[in-house]
Each structure stands twice: as structure tokens, then as C-alpha cells.
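Architecture at a glance
Here are the chains, one letter per residue:
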Amino acid sequence: MAEVRYNHKEVEKKWRGNWQAKPINVNDGKKPKYYCLDMFPYPSGSGLHVGHWRGYVISDVWSRYKMLHGYYVIHPMGWDAFGLPAENYAIKTGVHPKISTADNVANIKRQIKEISAVYDWDMEVNTTDPEFYKWTQWIFVKMFKAGLAYEKEMPINWCPSCKTGLANEEVVNGCCERCHSEVTKKNLKQWMLKITAYADRLLDDLDKLDWPEKVKKMQTDWIGRSYGAEVDFKVEGTDKKITVYTTRPDTLYGATFMVLAPEHEMAKELATDETRKDVEDYIYRASTRSNIDRMQDKEKTGVFTGSYAINPLNGAKVPIWLSDYVLADYGTGAIMCVPAHDDRDFEFAKKFNLPIIQVIAKDGKEIENMTEAYTEASGTMINSGEWNGMESSVLKKEAPEMIEKMGFGKKTTNYKLRDWVFSRQRYWGEPIPIIHCPDCGCVPVPEDQLPLLLPEVEKYEPTGTGESPLAAIDEWVNTTCPCCGKPAKRETNTMPQWAGSSWYFLRYVDNKNSEELVSREKADKYLPVDMYIGGVEHAVLHLLYSRFYTKFLHDIGVIDFDEPFKKLFNQGMICKKPDDVEKYGTKAMKMSKSMGNVVSPDTLVNDYGCDSLRMYELFVGPPETDAEWDDRGIDGVRRFITRFWNLVHESAGKNVPETEECVKLRHRMVHDITERLENFSLNTVISGFMEYNNKFIELAKKQGGIDQVTMENMITLLAPFAPHVAEELWEVLGHDTSVFENNKWPDYDEASMQDNEIEIAVQLNGKTKSVIKVAADISKEDAVAAGKEALADKLTGSIIKEIYVPGKIVNIVAK
RNA sequence: GCGGAUGUGGCGGAAUGGCAGACGCAGCAGACUCAAAAUCUGCCGGUGGUGACAUCGUGCGGGUUCAAGUCCCGCCAUCCGCACCA
């Protein structure tokens, strides 16, 4: 038969056209839905590299796999387009962010289409579209009305380079998550979202989610729930009291001093005439130090206030100190210190020569010459009055209620999670829809007047003063109060980039609805997301915020579920060694333009084809692991495709009869590929294709080709991975419909996979000596006998044990 | 400091406690070719041996087991997360 060479350009062009003319993923209203979502990208000017492809290929393979199981797959794409890069570009060039964003979207969309994923572009959303951010603002108004959005003046994280406030989650090692500048503190009036009101649900509901343990752990730690007690200490000689928070009320008898954060409201008044100067100096110094300085401290610092507190349990007089190792905004900003049982208190006590009293006996006795704190809540209480003899772990749990009953404290729960600083002093974001009225206070923009459009400006520069650039537009700022009609001013801060991305996944399924965020009918039918695929970098940012928003929208009745993403998959990064070894070293790093280690998919698609690149993206390594890119490897998958192409062309139309051997291989292939795919082991799916292809080629040589059903099965298995080639070969086999139409993922049965004769290893004392062929259903006795025969003269000495693992090994243990 | 992950040929990687190195890249040899490319065939962890074979080998040191890359204990290295949250 005439040779038909594989030409990827022709094949891919043809099938892209066919799919456009007749879409393959259609909603007939009868199929069950499956929602497979990618984390939507920021449309940057530098375009896509092969690292971006990886996640999109994984999600597309999974989507097409689900299509072949009879699902209508919701697989949308959109743009997270507010944010600093577009704004910075505008500052530099004067081009309005709206223009540059539209250009970037067009360019990236063109590049994404090269992947040939089954995205439904009718569902596309863009966070900067007023019809979209109308609902971002609507959610804010609803939160305001529910008391979850509030204004507060407080020292917040401030990035001096981006000239904006930041959320806690956006500060990494004391630096700005975006630009890595050192973050300072700035006192600003801010809009806050009360995410802490959802702390318990955000924590407890993690159990419901099929997410990587790593991400769940990170969220758990970030929320940081702890149980303990607040205890009131009277200040000696006054009628004032200081409340401390502790998770170890069992050690109350061991409290030998107390430390307040320098920012504590009582810090100054505790000073005496002798200590006043030192105390005020210390408070001043602490106020000037950045987080980074504080973190880098090797040694503890502190100052004695001159005042004493009274331990409410035993009346002991304990000195009150100030130190910046106590955080002002956690707990009560004050702690009781038990140096014997806390590392930090121990270090402080040693440095300032404060007494150390042990109250828990480790292994039944006091530790002599203590060199470090004994921090475990395990052991018998000592030096603790009526608590002596109790078990520390039991007391730890019971003490909060005991203290509450004794009347000098209460049981409490604390969280590391803080409320979300939601104001940004920047231009390119959603305006916060609030009007400040001198009489009525903060009034939300009426819902029927949303969206509140972002006005056009001449200058985008952030002012750096804590005012947004919007504050300079008088005609926009000055308005009237929707409540009383008197002159009022608009809020000029904008929302953070996370605002739109916290709920966008709800909008895809009803993106043209002008009446509702999403209709309840469509939400019930198509949501939530079944599979969410993206990088791990959003573990506590986007993923935590989205869960918060979803819970809120659930509570106000917009949707019926309260977790957005049932299953989460984090793909690894694609890395490459930088070209400039002298500047960046020889270690492979995440692709970035500045490092000069970006590989563009464009030339690879041109030279090898979309199908080859798709498969190679998966073949580079386990999908959840980072992988180092090497262009040369793509030859391997391209060779596989060509060899399979040739095999099908050689066998097509020949009516090769099914043989026992071929059927066996076919069932094994379907089994292996299915199992590996279900386990998300996509790299071994590709190697499986190669391995079985080699076997079929060998077989075809022997028997003059491969039967129709085997070829059809393999093409169907291949279809999610290399859809163009699969379609073409499906047609070659005589089908006039798509491989995704009237077709389903093939089945296998275990019985058909079995061999009559199998190879087993024969071991002597656990070491393999030879391999023998035996009947698959051989008995232990016969297998052992065959094993002994194979070992023959090697088998000297007496036999201690005989082991037969069916289908695997015979092991003879001899002396 | 605390927590988590990872460590296997020249390289990417594969192995429900059961023949370590599947599959691929690179390399070597051969076939085809005037030649090259492409394609096809074979070899491809170390050491010893012409050879069948022997022996060592999954970061290091112990242990459990008939049998350990895999399980347990103790280290080392790299990466990631958190970092005075009382």
C-alpha cells in the first residue's frame, strides 16, 4: 500500500478546522457534567512558555478523558487581568492598561489555542470587564451589609516600592510577594474583610476536600488555631489588671515574670520614675524597627517596667517586662512567662537573670542544672500547690475551665489568621463601591448602580502618601450620598488582585447573566469545580480567599455548596538552567524572561507538532514534580507517533484476524493505561503507549498486521493525549465521526490478560539464580520442585524454608 | 529552629516488600545509501573473565524480613513551607 507519511502540519490544521465546524464537547442536557478548571492566567506581555503548557495539557487530557466517559465537560478559560504589571507598563509608556491588557489577552489567547485544548470560549471571563467586576463589587457590598467589610485605621504592611498596602498573605519573609522589597509598617485607614469570622469553618472543612496534604497543611498552619486561656493578673498597688493569653495554663505556678509587647496600651503607664526613660526609649526603638530587623534578632532584648503583677493563683509577685518578642496583635499582646517550660521564656530568663521554677517533673523528677526548657505537656505537676500530682497533659485541658470557675480568666481560642487588608492605593483594580457621607458615614453604592466604573485618568502613578491615584479626580470623588443626598466623597482605594479571582470560577457557567452573579439553576447544575489544576504558589492566597468567598456566597444563598474545589492538583514547574551561568549559577530554575531560560512552545509546535509537544510535556516527569526541560527528548515522542501512525496505516483495511496474543496485549494495555491515568501518573502513561506500540509492531511483523479492534482501542486511549493524530487515524480505520463522538473509553477484563505460561524467578536465599517457565496455575509444591530442579547442583546443604509467591518467585532457603 | 518533600546509570525517569534500571534521551556498532539525514537491527551501571558466569550496586550507617529502592531507627545533602503566634 502507498506510504502515507505523518505530516503534523496537515493533520493538525485539518482537525482544528473540523472541531471548529463541529464541536466535540457538547452539552445535550442529558450527560452528567464534569467541571475541570485551570487556574486562570494573568495576561502578561511576555506570552506563554512550555511551563505554562504543562498545566493546560494536564487539564485538557483529564477533560478529554472525562468526555470519553460520557461527561459534558465544563472546561473554560479566562483572564485575571487587574494588577500591577499592566499599571506599571502604563506608567512607563502612557498606554492605558485597558489597551495593553486587551493586546496581551489577544496574544496569549492565540498561543493557548495552539494547545488545541477543548476550552469553551463562549464562557470566557475577564476580571477587568465592567460586566464582570460589577459582581466583584456586588459581593463587597453584600459583605459590607453583613458586617464582614469594615474600615479600620491600623499599622499595616506597606510596600514602599509598589506604594500600596498588602495583606498578611502577600508578605513573604518580610518582603513584598510581588517585588521582593522589604515591607514596612504604615498607619492607614483600611478596608478589611473579616475572614477570621470563617476561621473555624475554613479549618474544619479542609477534611471534606480531596486536596494535596501539603496544601491542607499549609492552610491549617496559616489559620493556626490554638486552644488555651486568658488569665487576669492584677498590677500590684493599682486596681488595674493585665490579661495574658496562654496555651499552657497548667504551668501557671511556674510563671515567674510577665512580658508585654512594646506596643501594648499599658506599656508606658507601667513605668516608674526610675525606669521611665529606659522604657520610653525601648518603646521608641521598637516602633522604628521593621519586621525584618525583628526577625533577624539573634538575642532577645527587653526592659523592666518597674511594676509587678500578682499571680492570681498563688499571689506571687512577678516583674513586668517589655520585649519585642511578644507580638502586639496576637492574643492579648501580653504573656505570662514560664521559663522552665517555654524555650523563649527560658532564653529571656537566662539573659536577664530571672528565676526559673519547674512545675512539671520530667521522668518523675526535677531537672538538675536545666540547660533548656522542658516544653512537653507530659509529666507530674510539682511546685504547684493543689495541682501537685496531677498529670500535666490532663491539667492542660482542664485548667481553662478551672480558671474560669475561679473567676480570674476564661477559656479561649486563638488564631494566627488575621483579617484581610483589602484596600490598595493603586489605580488598576476594582473601585471599592463605598461613599463617605459626613452625616451617614460609610454608605455602599446602591446595587442597581453597579458597576461603579473605574474612571479614566491621565496619571497612573501611585502617590506614595497612602492615597490612591483616584483621589486626584475631583469630579469622580465628589458625589452625593445615596442615603441623604448631601455632598459626599467616594472611597478612592481599589481592591486587591485577589478580589476577582476569589469567585471567577462561579461566573464561567453563566457569564452573560446581567441580573445575577450566577443563576441558581445553573449553579446547581454545573457547579462546583470537580477538578482544579494549577501551581502550588496559591496554596494560602487564592485558594484560601476563594474558599472564604464561596462560604460567604453560600451563606447569603447565592449557591448551595460551601467549598469551591472538590479536588485539587498542583503541577510541578518546568525548570531550565539559565544561559548566563556566571550571573545565575548552574542550577535549573523556574523559567523567566529575566533569567533568559525561557523555552517558547511556538517553534516546537511548528517543528514537531502540537501532539508531540503535548505528549512530551507529560513525558518529562511525574506531573506533580518539577522537571528540567531538555528539547532533545521530544524526538522520542515524535518517533513514537510516527511509528504508531505507520503501524495503523499498514494494518488498516487488511482485516487482520484477532489472535490470542494480540487480544491479551490489548487488554493489558487498556488496563495499564487506565490505571496509570486514574493515578495521575501521566508520564508512565506515555511510556506505556511506547512500550505497547513496540510490542504491537513486533507482533505485526509476525502476523502481518494488527486487528481492527486493537487499533481502535489504542487510538481511543491515545485521543486525550494526541487528539489530532487520534482523529486522523480513527478516520483511516473507516470512521466518519470524531473519536470523541459515539465512542467510549475501552474496557478490559482480567481473564483475557492472563498467560497460560508464566516466567518466575528462582531464588536461593533471596538471590535470583535463574528464571523458569511454569504453568500460571502451578501449585506451590510443583513450583518449589521446579525451582529446586533449576537450582540443581547449587543447592547444597539442608533446606530450611520454601517460599512460593504465585506468579513472582520461588525462594529456597538453605543452610 | 520547627514542619514537609526529595535523593536510583552519562541524562529524564520506572518499579502493590518479590528478577533494580521499564520507557525515552544521549552514546557505540551494524544495515540501507555514492554520501549524509531519516529509518531499521543490536549493544549500552561498575569491577573481574574470551566466555557461560561471578561479584558489587538505589545519598550514608544500622535494623526487621526467606526477600528492602520500598518498612523501622539514626545521620547527611538539596528543595519547599513556617518562622519568636506564648
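Residues numbered from 1 in each chain as written. Chains lettered and ligands numbered in written order. Predicted model: local features only at pLDDT ≥ 70, side-chain atom pairs only at ≥ 80, totals over all residues. Heavy atoms only, no water.

1. Remarks on the sheet that holds strand 26 (residues 574–576)
Rule in force here: Between any two strands, at least two bridges found by DSSP are needed for them to pair. Going along the chain from the N terminus, every DSSP run of H or I of four or more residues is numbered as a helix, and every run of E of two or more is numbered as a strand.
Spatial strand order, 27-26-28: three strands in an open sheet with mixed pairing. Taken across any chain shown, the strands that pair with only one partner, and hence form the sheet edges, are strand 27 (589–590) and strand 28 (627–628). As paired elements, strand 26 and strand 28 share two bridges and run parallel to each other. Bridging from a neighbouring strand, Ile574 pairs with Ala627 of strand 28.

2. Side note on helix 24 (residues 723–732)
Formally: Using a 1.4 Å probe on the protein chains alone, a residue whose accessible area is under 20% of its type maximum counts as buried, one over 50% counts as exposed, and one in between counts as partly exposed. The criterion used for residue contact is that any of the two residues' heavy atoms lie within 4.5 Å.
Taken across its 10 residues, helix 24 has eight buried, putting it largely inside the fold. Residues Pro723, His724, Val725, Ala726, Glu727, Glu728, Leu729 and Trp730 constitute the buried set of helix 24. Tucked into the core, helix 24 has its buried residues touching helix 1 (8–21), helix 2 (50–67), helix 19 (610–619), helix 20 (634–651) and helix 23 (708–718). Gly734, located one to two residues past helix 24, shows a positive phi value of around 105 degrees.

3. As for the protein's contact with RNA strand B
Cut-off, in case you're wondering: The near set for a molecule or strand comprises every residue that places at least one heavy atom within 4 Å of it. In the analysis that follows, any N or O atom pair within 3.5 Å is treated as a polar contact, provided that within protein one partner can donate a hydrogen and the other can accept it, and provided that, for residues neighboring in sequence, both atoms belong to side chains.
Residues in contact with RNA strand B amount to 48 residues; listed here are only the nearest, Thr247, Arg344, Lys416, Arg639 and Asn811. Counting only the atoms of RNA strand B within 4 Å of the protein, the fraction contributed by sugar and phosphate is 60%. Here a sugar or linking oxygen of RNA strand B sits 2.3 Å away from a polar atom, N or O, in the main chain of Thr247. One of the backbone nitrogen or oxygen atoms of Leu327 is found 2.8 Å away from a base nitrogen of RNA strand B. Those elements that place two or more of their residues in the surface near RNA strand B are helix 7 (213–223), strand 11 (241–246), helix 20, helix 22 (682–703), strand 29 (757–764), strand 30 (767–775), strand 31 (799–805) and strand 32 (809–814).

4. Quick look at the sheet that holds strand 2 (residues 72–74)
Applicable threshold: Every angle, taken between N-to-C directions, lies between 0 and 180 degrees, and every axis is a line fitted to C-alpha atoms, over only the stretch in contact when it is a helix.
Pairing is parallel across the open sheet formed by four strands, whose spatial order is 2-1-24-25. The strands lining the two open edges of the sheet, one partner per strand, are strand 2 and strand 25 (565–570). Neighbouring strand axes in the sheet, compared pairwise and without regard to direction, differ in orientation by 25 degrees on average. Bridge count for strand 1 (residues 33–38) against strand 2 is three bridges, and the pairing is parallel. Residue Tyr34 lies in a different strand from strand 2, and its bridge partner there is Val73. Sitting on the sheet, helix 2 is in contact with strand 1, strand 2, strand 24 (529–534) and strand 25, with an inclination near 175 degrees to strand 1.

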